[in-house]
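Residues per chain are reported as follows:
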Amino acid sequence: MSLDLDTVALGTTGLSVSEIAFGTWRFGRETAAGNLETDRETAHRLLDAYEGAGGRFIDTANVYGEGDSEHWIGEWLAKRDREEFVLASKIYFPTRENDPNAGGLNRKHLRRQLDLVLDRLDTEYLDILFVHRWDEQTPLREFLSTLDRFVKSGRVHYLGASTLRPDAWRLARANELARQHGWEPFSITQPRYNLVNREIEGAYMEFCRERGIGIVPWSPLAQGFLTGKYEREDSPPTDSTASDTEGWRDRYLTEENFKTLDVVRAVGEKLGATPAQVALAYHRHHPDITAPIVGARTVDQLEENLQAGTVSLSAEQFDRLEEAEAGPFDNLL
Ligand SMILES: NC(=O)c1ccc[n+]([C@@H]2O[C@H](COP(=O)([O-])OP(=O)(O)OC[C@H]3O[C@@H](n4cnc5c(N)ncnc54)[C@H](OP(=O)(O)O)[C@@H]3O)[C@@H](O)[C@H]2O)c1
């Protein structure tokens, strides 16, 4: 595929990242209906396609595919120069049943999981470690000081916080405590954000802007809704795994969301771009967004999505999208 994704600065860190990141949540993931979304071979082909388009920013997590996602990325990376890639992973969710220490951000779990993450990815360091969710049970100073050790030891370069919690005040409190102790602060966030899930607009986004925190949103295509493959009347297409997910239809196939999709489609028709490309171009043009983390189940989908790197929105088109009707939003934690 002839395309060379640009790079952008990651907030006020010194790191540059691809303008579209590739998300690997679906590697080794079984849907509720028991279907494997992305097997090892497809995962490697998707990574090839992303690399072929100039992509160098890969997002994973310790629990994706119960470790298969990191493992498959590690295998793929072993044949490449690791230094050319920016790798992000996450820790929080339980990794063993009936063990209160095998989950959350307590020191024991964080340390053990970072060892496993680096081992599976076959790398000495992570560029970004995200806390996958906020831990209300573990004292803030315990996990901040542990994360700081990871950075000071060189095993992690930057810290990120995923999802809407921590909200702006939690993030402010955490970074203030880090500042008082000379610990590494969170310099990146990874919330959900797309044209039909806009709950981070307002205080959260303003806080990140004011502090120079880079935002790398997940589900920029609303898990496929913004690709335009769902219609008001139809039953969901059979080649969709989102429709396997409990609650997804009620949450996404709403009249408000279809009205937003109408605007996305209209802008796409003017530009000769697909709805997915318009939805991603919106992120690329958004002054507060660093790089969306896009997902794809097939190489064709990924190649279509990455072509968003060539789509330019006029100021008027950006405004139309921003003002499109959307919501009501659920405040996903
Ligand atoms: N921090 C967090 O808590 C969190 C949460 C969720 C995700 N993430 C990260 O964000 C990444 C992206 O999330 P996501 O997968 O929900 O993103 P997304 O880009 O909103 O949705 C991707 C899905 O939409 C469908 N799709 C994508 N491109 C398409 C196209 N061109 N045509 C038709 N269908 C298309 C595919 O599913 P079907 O073909 O099955 O419809 C694909 O798997 C994840 O991989 C993960 O790295 C993080």
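In this text, all values refer to a predicted model and were calculated from it rather than measured experimentally.

Concerning the overall build of the chain
What the chain contains, in helices and strands, is eleven helices and ten strands. What you see for the chain is a C-alpha radius of gyration of 19 Å, in line with the 20 Å of a compact globule of 333 residues. C-alpha extents for the chain along the principal axes are approximately 50 × 40 × 40 Å. Looking at the chain as a whole, 56% of its 333 residues are labelled buried. Across the chain, every contact between residues at least 6 apart in sequence was considered, and the portion connecting residues at least 24 apart equals 78%. Taking the average place of the 38 positive charges on the side chains of the chain and the average place of its 56 negative ones, the gap between the two points comes to 5 Å.

Looking at the site of the ligand
Around the ligand, the surrounding shell holds 33 residues, and the nearest of these are Arg 26, Asp 59, Ser 219, Lys 229 and Thr 241. Gly 295 places a polar main-chain atom, nitrogen or oxygen, 3.0 Å from an oxygen atom of the ligand. Arg 297 places a side-chain nitrogen or oxygen 2.8 Å from an oxygen atom of the ligand. Burial of the ligand by the protein chains amounts to 96% of its free accessible area of 910 Å². The set of elements that each furnish at least two residues to the shell around the ligand consists of strand S10 (293-294) and helix H10 (299-306). For the shell around the ligand, the class distribution of residues is ten nonpolar, 15 polar and eight charged.

A short note on unusual backbone geometry
The backbone of Ser 219 shows a phi angle near 50°, a positive value even though the residue is not glycine. As for its position among the elements, Ser 219 is in the loop between strand S9 (214-215) and helix H7 (248-252). Overall, the relative accessible area of 11% leaves Ser 219 in the buried class. Phi is positive for Ala 222, close to 50°, though the residue is something other than glycine. Tracing the backbone shows Ala 222 in the loop between S9 and H7.

Details of the sheet that holds strand S8 (residues 186-190)
Ordered by their spatial adjacency, eight strands build an open sheet running S9-S8-S7-S6-S5-S4-S3-S10, and the pairing between neighbours is parallel. This sheet does not close on itself; its edge strands, each paired only once, are S9 and S10. Pairing of strand S7 (residues 156-162) with S8 involves four bridges; the strand directions are parallel. Residue pairing for S8: Leu 159 is matched across the bridge by Phe 186. On the sheet, helix H3 (residues 107-121) packs against strand S5 (86-91), strand S6 (126-131) and S7 and is oriented at approximately 145° with respect to S5.

What to know about the packing of helix H1 (residues 40-52) against H10
Two measures define how a pair of helices packs: the angle their axes make with one another and the distance between the axes. Running from amino to carboxyl end, H1 crosses H10 at an angle of 20°, the nearest separation of the two axes being 9 Å. Classified by the interaxial angle, the pair formed by H1 and H10 is roughly parallel. Of the two elements, H1 crosses H10, and the hand of that crossing is right-handed. When H1 is examined against H10, the residues Arg 45, Leu 46, Ala 49 and Tyr 50 are found in contact with a partner set consisting of Val 299, Leu 302, Glu 303 and Leu 306. In the contact of H1 with H10, the residues fall into six nonpolar, no polar and two charged.

Describing the pattern of salt bridges
Across all of its chains, the model carries 23 salt bridges by this definition. With a closest N to O distance of 2.9 Å, Arg 26 and Glu 37 form a salt bridge. Highlighted residues: Arg 26 in the loop between strand S3 (21-23) and H1 and Glu 37 in the loop between S3 and H1, separated in sequence by eleven residues. Classification of Arg 26 by relative accessible area gives buried; the value is 14%. One salt bridge in this structure joins Glu 70 and Arg 120, with 2.8 Å as the shortest N-O distance. Of this pair, Glu 70 sits in helix H2 (residues 68-77) while Arg 120 sits in helix H3; the two residues are 50 residues apart in sequence, bridging distant segments of the chain. Comparing Glu 70 with Arg 120 shows no difference in burial state: the two are buried.

Some details on the pairing of S5
Within S5, six of the six residues are buried, which leaves the element mostly enclosed by the surrounding structure. Bridging between strand S4 (residues 57-59) and S5 involves three bridges; their strand directions are parallel. Across the sheet, residue Ile 58 finds its bridge partner in S5, namely Leu 87. Handedness of the crossover joining S4 and S5 through H2: right-handed.

With respect to the environment of Thr 12
By secondary structure assignment, the location of Thr 12 is in the loop between strand S1 (7-9) and strand S2 (16-18). You can call Thr 12 exposed: its relative accessible area is 64%. Between the C-alpha atom of Thr 12 and that of Arg 45, which follows or precedes it by 33 residues, the distance is 33 Å. Apart from residues no more than four positions distant in its own chain, Thr 12 is found in contact with Arg 211 and Gly 212.

What counts and what doesn't
- Residues numbered from 1 in each chain as written.
- Predicted model: local features only at pLDDT ≥ 70, side-chain atom pairs only at ≥ 80, totals over all residues.
- Heavy atoms only, no water.
- Helix = DSSP H or I, 4+ residues; strand = E, 2+ residues; numbered from the N terminus.
- Rg over C-alpha atoms; globule rule 2.2 N^0.38 Å.
- Buried < 20%, exposed > 50% of the residue type's maximum accessible area, 1.4 Å probe, protein only.
- Contact = heavy atoms within 4.5 Å.
- Lys, Arg positive; Asp, Glu negative; His and termini not counted.
- Charge placed at Lys NZ, Arg CZ, Asp CG, Glu CD.
- Near = heavy atom within 4 Å.
- Polar contact = N/O pair within 3.5 Å; in protein donor to acceptor, adjacent residues only side chain to side chain.
- Areas by Shrake-Rupley, 256 points an atom, 1.4 Å probe, with all protein chains shown as cover.
- Nonpolar A, V, L, I, M, F, W, Y, C, P; charged D, E, K, R; others polar.
- Pairing = 2+ DSSP bridges.
- Axes fitted to C-alpha atoms, helices over the stretch in contact; angles between N-to-C directions.
- Parallel < 35°, antiparallel > 145°, perpendicular 65-115°, else oblique.
- Left-handed = near helix turned anticlockwise from the far one by under 90°.
- Salt bridge = Lys/Arg side-chain N within 4 Å of Asp/Glu carboxyl O.
- Right-handed = clockwise from strand over helix to strand, strands pointing away.

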